[in-house]
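Understanding the architecture of this molecule
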Amino acid sequence: MLSPVPSVPAPGWGLRGFPPPRPPLTPSRGAAAAAGGACGPRSRRQLRGAAPGAPTGAAPTHACPGRPRPSAARRSRTHFARTFPRAHTRTHAARPPEAHPLGPPGLAARRSASLPFPCAMASPGSGFWPFGADEGSAAAESPGTARAWCQAAQKLTGGLGNKLCALLYGDAEKPVETGAKAAPGAAEPRPVCTCDKKPCGCQKADVNYAFLHSTDLLPACNGEITTMSFLQDVVDILLQYVVKSFDRSTKVIDFHYPNELLQEYNWELADQPQTLEEILLNCRTTLKYAIKTGHPRYFNQLSTGLDMVGLAADWLTSAANTNMFTYEIAPVFVLLEYVTLRKMREMVGWPGGCGDGIFSPGGAISNMYAMLIARFKMFPEVKEKGMAAIPRLVAFTSEHSHFSVKKGAAALGIGTDSVILIRCDERGKMIPSDLERRILEAKQKGFVPFLVSATAGTTVYGAFDPLIAIADICKKYKIWMHVDGAWGGGLLMSRKHKWKLNGVERANSVTWNPHKMMGVPLQCSALLVREEGLMQSCNQMHASYLFQQDKHYDLSYDTGDKALQCGRHVDVFKLWLMWRAKGTTGFEAQIDKCLELAEYLYNKIKNREGYEMVFDGKPQHTNVCFWYIPPSLRSMEDNEERMSRLMKVAPVIKARMMEYGTTMVSYQPLGDKVNFFRMVISNPAATHQDIDFLIDEIERLGQDL
């Protein structure tokens, strides 16, 4: 871990841009406990809670009567520590408790294991209220709301309700539903299944996964009980991760260097199968080191947040496990795609939602689809005869546009040299006069302009190109107009902000990524095309083994032949179900909140000492671009030496953020501008307090640079 951030420059940090070496690893507390402790060595059976000599099936008792029975969360952590002893060997830097962003060393781990339920906040920015005190604390429980949640959870079948209550209360504090009180420390009886229902809805007996493998799960004969129990345990792991993702007292990231993770765990694939016990440990380990992209203080990417309805929809989609190429194998999903794309085209402004579209694997592929269709519209023969049969094509996009425009040109054989970059103003917007000038230049050289890709929400500045002026130019020269609204398309949901896309209705095609501003789980990107049937003509290959022409239903719902892919994931259901749950007004409120938070950040730092804005004026999107100027640089003249030192500030602060795990925000250079922070907000869980925290954390981590 990094050394604590001092009040004076720390030796070894300077402005090199790299953190100092880690301290040597120390034996873990879990490993030490496994070796003995106050009660001496304990057998594996004792560690599982059975007293020495107890008969099989007896109620578990604590192996050491002199100690209170540990909580379920503590037992889980101890078991994990013994299985993966090196997972707990990282030491915290010696640092005053009040200075540590997550409290005194070790407290963060205890908090993350207490698993508070995400129902209400104690105070803004303080994390979710706990139902029980942290280990070693005398704080009293607040069980009222927990009991209500637990009563609701009891309606769940298959024992999942009891497991949720265990997460809320701990084993010793489960609410008793009957008149009789359970004996202290006694395990709740779990009846053996005697029903003949398929699938069984009874509470399941405990399953020992140490001797079971994937071949014991369905479709194995009599595999129902094992399968239900295994999947419920997987759901437990997922629920714990979801709860922690919203808890501000937990880290955004438990950062390890690649070589550390490779050395601490065996990630290699083997010839022999692992047990289901090991598979569950793999799941826990993977999520332990995953970035909590739903954390309210994760601002690193355009896609952030974790929507519960979207998550449920993703689980359902995986369970359905079907393909999107024909109606016969995905009837509901195909219809939902038809309905949702039509609604999105209506919001773009095309009358009655006319046109076509498809969900693709991300905005880069959607942009490439647009280039492909634009080329086919101008030269249909290219589909059969290739680029050799047509003139030299050129496309135009702004110098701040997404790199996918050039990548698409490379993939389609047009070539990156055929993508002409148009100058932008100081706010990152395409300059229409320069666009027209470059079009005329290209035509004079004998090139054929076939596409202009305007951007609605650039990746770094969040700029919106002047679509009306660009549309006029495209109409004048008969060029296909595409709008890359992957980042900014969500603003069409907001009556307050959709004016920023004025003119989008005149586009021939639009890219819109709901997995960004709308918070739909990855991936969810749509390409919308104004002319119906053009996409089908461009891409269809008439594969007779899939798209038979004598089927007994309307063949227009066999959408697979208009896609480049054959196998296509069901991406629409997440968006559709979230739209049903929120309504358009719910998405509008979510988007408006994120833009208000961006304005709040801008107003906080625009005149604050130690900050310089990358460009003047309020940002159009949630992108807020700024430099943090450490005290040592504030009195320096604006010269090459200052720029050279300033360039190293953001990378060092970002590295420290990740080492401490407190927050994450991106940085980058752009043109002649050295590294600056690019703050983006798309997570509706973020609050004003999280913005304040970010500002304070940047100053704390960068004051000595």
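In this report, the structure presented in the accompanying data block is examined. Since we're looking at a predicted model, the values are computed, not measured.

1. Some details on the overall build of the chain
If you tally the helices and strands in the chain, you get 21 helices and 12 strands. Every one of the 705 residues in the chain was classed for burial, and the buried ones make up 49%. Long-range contacts, defined as pairs at least 24 residues apart, comprise 71% of the intrachain contacts of the chain with a sequence gap of at least 6. On the chain, roughly 32,900 Å² of surface is accessible, and the fraction owed to carbon and sulfur atoms is 56%.

2. Observations regarding the pattern of salt bridges
Tallied over the entire structure, the rule returns 25 salt bridges. One salt bridge connects Asp690 with Arg248, and the closest N-O pair in it is separated by 2.8 Å. Separated by 442 residues along the polypeptide, Asp690 in helix 21 (residues 688–702) and Arg248 in the loop between helix 7 (224–245) and helix 8 (258–264) bring together distant segments of the chain. One exposure class covers both Asp690 and Arg248, and it is buried. Several salt bridges converge on common partners, so that one network encompasses Arg423, Asp434, Arg437, Arg438 and Glu441.

3. So, unusual backbone geometry
Each neighbour pair has its own omega, and for Leu218 with Pro219 the value is 15°, a cis peptide bond. Each neighbour pair has its own omega, and for Leu522 with Gln523 the value is -5°, a cis peptide bond. Within the secondary structure, Gln523 sits in the loop between strand 7 (509–512) and strand 8 (525–529). Phi at Asn222 takes a positive value of approximately 60°, unusual for a residue other than glycine. Assignment of secondary structure puts Asn222 in the loop between helix 6 (160–169) and helix 7. With phi around 50°, Asn321 is a residue other than glycine that occupies positive phi space. Along the chain, Asn321 falls in the loop between helix 10 (308–320) and helix 11 (331–348). Its relative accessible area of 66% is what places Asn321 among the exposed residues.

4. What to know about the sheet that holds strand 8
The mixed open sheet is built from seven strands, whose spatial order is 2-8-7-6-5-3-4. The open sheet has two edge strands, strand 2 (356–360) and strand 4 (419–422), and neither has a second partner. When strand polarity is set aside, the average angle formed by the axes of neighbouring strands in this sheet is 20°. Strands strand 2, strand 7 and strand 8 of the sheet are contacted by helix 11, whose axis makes an angle of about 115° with strand 2.

5. Focus on the pairing of strand 5 (residues 448–455)
Counting buried residues along strand 5, seven of its eight residues qualify, which places the element largely inside the surrounding structure. In terms of strand pairing, strand 3 (residues 393–398) meets strand 5 through five bridges, oriented parallel. Directly across from Val394, in strand 5, lies its bridge partner Pro449. Direction of pairing for strand 5 relative to strand 6 (residues 480–485): parallel, over a ladder of five bridges. Bridging across to strand 6, Ser453 finds its partner in His482. The β-α-β motif built from strand 5, the intervening helix 16 (residues 467–477) and the parallel element strand 6 has right-handed crossover chirality.

6. Some details on the pairing of strand 8
The buried fraction of strand 8 is high, at five of five residues. Covered by surrounding structure in strand 8 are Ser525, Leu527 and Val529 together with Ala526 and Leu528, the residues of both alternating faces. Pairing between strand 2 and strand 8: five bridges, direction antiparallel. Each residue of the ladder has a partner; that of Asp356, found in strand 8, is Val529. Pairing geometry for strand 7 and strand 8, over four bridges, is antiparallel. If you follow Val510 over to strand 8, its bridge partner there is Leu528.

7. As for empty space enclosed by the protein
The gaps left among the atoms become clear once a water-sized probe is rolled over them. Using the criterion set out here, one finds two cavities of 30 Å³ or more in the structure. Taken together, Arg427, Lys429, Tyr461, Gly462, Ala463, Phe615 and Gln620 make up the lining of the second largest cavity. Of the residues assigned to the lining of the second largest cavity, the class counts are three nonpolar, two polar and two charged.

8. Details of the environment of Asp425
Following the sequence through the fold, Asp425 ends up in the loop between strand 4 and helix 15 (432–444). Given the relative accessible area of 28%, Asp425 is considered partly exposed. Placed 40 residues apart in sequence, Asp425 and Asp465 show a C-alpha to C-alpha distance of 10.0 Å. A distance of 2.9 Å separates the side chain of Asp425 from the backbone nitrogen of Arg427, its partner in a polar contact.

Reading the values: rules and limits
- Counting starts from 1 at the beginning of each chain's written sequence and moves along it residue by residue.
- The predicted nature of this model means local features are confined to residues of pLDDT at least 70 and side-chain atom pairs, given and counted, to a pLDDT of 80 or more, with totals for whole chains, interfaces and linings taken over all residues.
- Calculation of side-chain values draws on the structure's entire complement of heavy atoms; hydrogens and water are dropped beforehand.
- To qualify as a helix, a DSSP run of H or I must reach at least 4 residues; to qualify as a strand, a run of E must reach at least 2; elements of each kind are numbered from the N terminus.
- Between buried and exposed lies partly exposed: a residue is buried under 20% and exposed over 50% of the maximum accessible area for its type, with that area taken using a 1.4 Å probe on protein chains only.
- For this analysis, residues touch if any pair of their heavy atoms sits within 4.5 Å.
- For every accessible area listed, the method is Shrake-Rupley and the probe measures 1.4 Å; residues are considered covered only by the protein chains on display.
- Any carboxyl oxygen of Asp or Glu within 4 Å of a side-chain nitrogen of Lys or Arg constitutes a salt bridge here.
- We treat two strands as partners when DSSP finds at least two bridges between them.
- Think of each axis as a best-fit line through the C-alpha atoms, taken over the contacting stretch in the case of a helix, with angles from 0 to 180 degrees between the N-to-C directions.
- The path from the first strand over the helix to the second decides the hand: if it runs clockwise while the strands point away from the viewer, the crossover is right-handed.
- Both site types are read off a 1 Å grid over the protein atoms alone. A 1.4 Å probe that fits but cannot get out defines a cavity, while an open set with protein on both sides within 12 Å along at least five of seven lines defines a pocket; lining residues have an atom within 4 Å of a point.
- Grid points are joined across faces, edges and corners, and a volume is the space filled by probe spheres set on the points.
- Amino acids are sorted into nonpolar (Ala, Val, Leu, Ile, Met, Phe, Trp, Tyr, Cys and Pro), charged (Asp, Glu, Lys and Arg) and polar (every other residue, Gly among them).
- As used in this structure description, the phrase polar contact means that two N or O atoms lie within 3.5 Å; if the pair is within protein, one of them must be able to donate a hydrogen and the other to accept it, and residues adjacent in sequence are counted only when both atoms belong to side chains.

Remember, this is a structural readout, not a statement about activity or role.
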